[in-house]
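Below, each chain spelled out in residue letters.
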Amino acid sequence: MHTTKTTLRRQAGWLATVLIAALSISATSQAAAKPTIADAQRFMQRTEKELERLLSIRERAAFVNMTYLTEDTDFFDSHFQQELMAFVGKSVKEAVRFRGLKLPATLARKFHMLRINLDLPAPSDAALRAELAQIASYLTSTYGKGKYCKTGADGRRNCRNLGQLSKVMATSRNFDELLDAWRGWRTIAPPMRKKFARYVTLANAGAKELGFKNLGDLWRSKYDMSPEAFEKETERLWKQVKPLYRDLHCYVRAQLSKHYGADKVPLDKPIPAHLLGNMWSQTWENIYPLVAPKTSERAPNVTAALLRKGLKPKQMTKIAENFFVSLGMPTLPKTFWNRSLFTKPRDREVVCHASAWTLDFKNDVRIKMCIKIDEEDLSTLHHELGHVYYYLAYRGLPVLFQTGAHDGFHEAVGDLLALSVTPDYLKAIEILQTSETGKPGLSFLLKMALEKVAFLPFGKLIDQWRWHVFEGRIKPREYNASWWRLRTTYQGIVPPVSRSESDFDPGAKYHIAANVPYTRYFLATILQFQFHRALCKAIGHKGPLHACSIYGNKIAGKRLWKMLQLGASGPWPEALHELTGQRRMDATAILSYFAPLHKWLKEQNKGQRCGW
Ligand code: ASP
Ligand code: SER
Ligand code: ZN
């Protein structure tokens with residue numbers, strides 16, 4: 001393990017906190033005899049072995065389930081999830097008997113990682129645990145199968161899935177058509193509401209048995225600092241980027257107001273949520289044509305270029321793989337190509353939301369994604385392969401360390417590479433033609449900002465909502481209203497039609513239905529620029545950060561790979577230091593990347609009343 005004196009000290013402080021928290025666990029199986037360090041070592045060895053076995057069965061069941069949704073695969077999914085939860089719950093309680101021991105740092109870290117391993121802990125009562133596992137499968141499947149159906153004027157029933165509705169959101173510029181798709185997708189969620197409330201109760205009970213206050217407290221304990229300190233950290237980062245978001249919002253609102261009219265988009269009010277090119281208004285790059293600056297270079301149309309090339313899903317994936325290989329990383333194993341899901345099957349239900357998998361914690365890595373041939377999915381493919389290469393880099397580590405330095409690191413790797421997908425790079429790999437690529441300037445930056453800066457408040461608020469739900473500060477009777485309060489406060493958007501508590505709009509977002517923590521994406525958006533800045537400096541890039549590409553650079557590749565190999569073997573500040581020389585997350589990189597745009601936005605916004 002990679003450690004220094006300061007690490008050990010910092011780790012010791014953190015572990016003391018963890019152990020105090022563990023004291024509150026009501027241990028049922030405290031051994032009478034005083035255990036030794038050797039006992040703890042043996043216990044951990046056994047536990048890791050069994051954990052790896054149960055995890056890889058659970059992952060296989062989940063993969064089959066999500067790529068072939070039926071009642072039976074839901075059953076298997078919840079069955080193996082339930083076995084895993086039972087084992088982890090039992091092991092964490094048994095581990096309490098080692099709490100008085102002065103363990104070596106690596107072993108102590110394993111005990112900590114075990115306790116925070118699950119995103120969904122269950123109560124020890126078998127019936128409650130089974131109920132929780134079933135609800136979790138139900139929520140994910142319901143989301144995956146979700147369709148908006150209506151009967152047309154001709155009396156025919158027409159159903160559309162998320163892919164089809166998202167296409168409307170991305171391409172339509174018709175206010176009412178957009179509204180129909182926006183409202184339509186949200187009809188899938190009300191049936192989840194009651195089950196969601198029950199899941200909150202049961203998962204909280206599970207978290208309490210492990211010594212956490214509630215599930216949100218567990219989620220916030222995964223960052224090598226106290227949950228309170230972590231919450232402050234996210235606030236600090238958000239404050240750094242908030243002014244940039246406000247100015248982007250102000251400019252975009254003004255352009256939308258020109259297009260749709262000031263009656264529909266008033267200049268001093270939040271923006272109606274269905275006009276931003278995305279089902280959840282989380283990234284806005286699809287409305288780039290509506291807001292493109294007239295005076296600058298034209299951003300190339302990458303989607304058109306991909307279509308012109310006639311690329312197929314696997315070929316798009318190859319492009320992303322080639323980027324990792326250009327950095328000196330290995331090609332993907334054959335099984336990746338044979339076992340992944342690249343295309344939406346025609347004859348069965350699947351969960352299309354993109355994800356990356358390691359099935360055996362060795363070589364059996366895969367993705368599951370219903371690939372579209374467009375710029376957005378080219379970027380998402382880099383994102384997913386970022387997870388896959390992380391899995392491959394740390395596959396030699398003990399299973400409890402086979403995870404990101406923290407989860408924001410895991411989400412940032414592929415995005416980091418995608419930042420180097422510049423017009424020049426696309427020309428080099430013959431996607432774009434020379435005539436289409438000028439110097440990337442304001443237009444390029446604006447398009448990037450619509451993807452990255454627009455996402456920041458969304459990335460933050462999702463768990464703001466869930467933390468409050470898990471804490472009980474938000475009650476089921478105010479699920480929807482509180483959701484929209486946060487959406488308005490952070491993002492400056494409003495629902496285009498009035499909503500009520502018979503709606504359940506949070507459930508229409510994948511990560512809420514599927515119990516995936518979300519702050520990781522907020523952190524990743526900030527970290528990827530911090531990584532990019534460090535690597536561009538290391539390879540001697542001169543000039544603006546947004547023109548830098550690490551493509552083909554083995555020095556950058558080596559440095560990145562070294563960090564990936566660390567997995568979670570030590571506290572994340574060490575991994576960050578390895579790559580960037582810094583030990584804190586820092587939003588100044590994203591700010592300096594967008595600095596020329598920010599200046600320009602402020603000029604455009606002169607005379608406007610920004611804010612909402
Ligand atoms: N790209 C997707 C998203 O981030 C899935 C993933 O995290 O891999 O939700
Ligand atoms: N992939 C995540 C999502 O779809 C974050 O970008 O929400
Ligand atoms: Zn991801």
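Whatever comes next refers back to the structure up there.
The rules behind each value
- Residues numbered from 1 in each chain as written.
- Chains lettered and ligands numbered in written order.
- Predicted model: local features only at pLDDT ≥ 70, side-chain atom pairs only at ≥ 80, totals over all residues.
- Heavy atoms only, no water.
- Helix = DSSP H or I, 4+ residues; strand = E, 2+ residues; numbered from the N terminus.
- Buried < 20%, exposed > 50% of the residue type's maximum accessible area, 1.4 Å probe, protein only.
- Contact = heavy atoms within 4.5 Å.
- Pairing = 2+ DSSP bridges.
- Near = heavy atom within 4 Å.
- Polar contact = N/O pair within 3.5 Å; in protein donor to acceptor, adjacent residues only side chain to side chain.
- Areas by Shrake-Rupley, 256 points an atom, 1.4 Å probe, with all protein chains shown as cover.
- Nonpolar A, V, L, I, M, F, W, Y, C, P; charged D, E, K, R; others polar.
- Donors = N, O, S within 2.8 Å, 3.2 Å for Na, K, Ca; no water.

### Considering the side chain of His468
The topology assignment puts His468 in helix α19 (residues 455–471). Residue His468 is classed as buried on the basis of its relative accessible area of 16%. Leave out the neighbours within four places in its chain, and His468 touches Arg473 and Ile474.

### Regarding the pairing of strand β1 (residues 147–151)
Side-chain direction in a regular strand flips from residue to residue, so the side chains alternate between the two faces of the sheet. Relative to strand β2 (residues 157–161), β1 runs antiparallel, the two sharing 5 bridges. Pairing of Tyr148 across the sheet is with Arg160, part of β2. The turn linking β1 back onto β2 is made up of 5 residues, and Gly155 within it adopts a positive phi angle of 80°.

### Some words on the site of ligand 1
Neighbouring residues of ligand 1: His353, Ala354, His383, Glu384, His387, Glu411, His511 and Tyr521. In the environment of ligand 1, an oxygen atom lies 2.7 Å from a nitrogen or oxygen atom belonging to the side chain of His353. Between His387 and ligand 1, the recorded distance is 3.2 Å, taken from a side-chain N or O atom to an oxygen atom. For ligand 1, whose free accessible area comes to 260 Å², the fraction covered by protein is 83%. Broken down by element, the residue count for the shell around ligand 1 peaks at 3 residues, all from helix α15 (residues 375–393). Here the residues of the shell around ligand 1 are counted per class, giving 2 nonpolar, 4 polar and 2 charged.

### Some thoughts on the coordination of the zinc ion (ligand 3)
Only His383 (NE2), His387 (NE2) and Glu411 (OE) from the protein reach the zinc ion (ligand 3) as donors, at distances of 2.0 to 2.1 Å. Here the donor residues of the zinc ion (ligand 3) are spaced in sequence according to H-x3-H-x23-E. Taken together, the positions of His387 in helix α15 and Glu411 in helix α16 (residues 407–418) put the pair 24 residues apart, joining distant regions of the chain. As far as burial versus exposure is concerned, His387 and Glu411 are alike and both buried.

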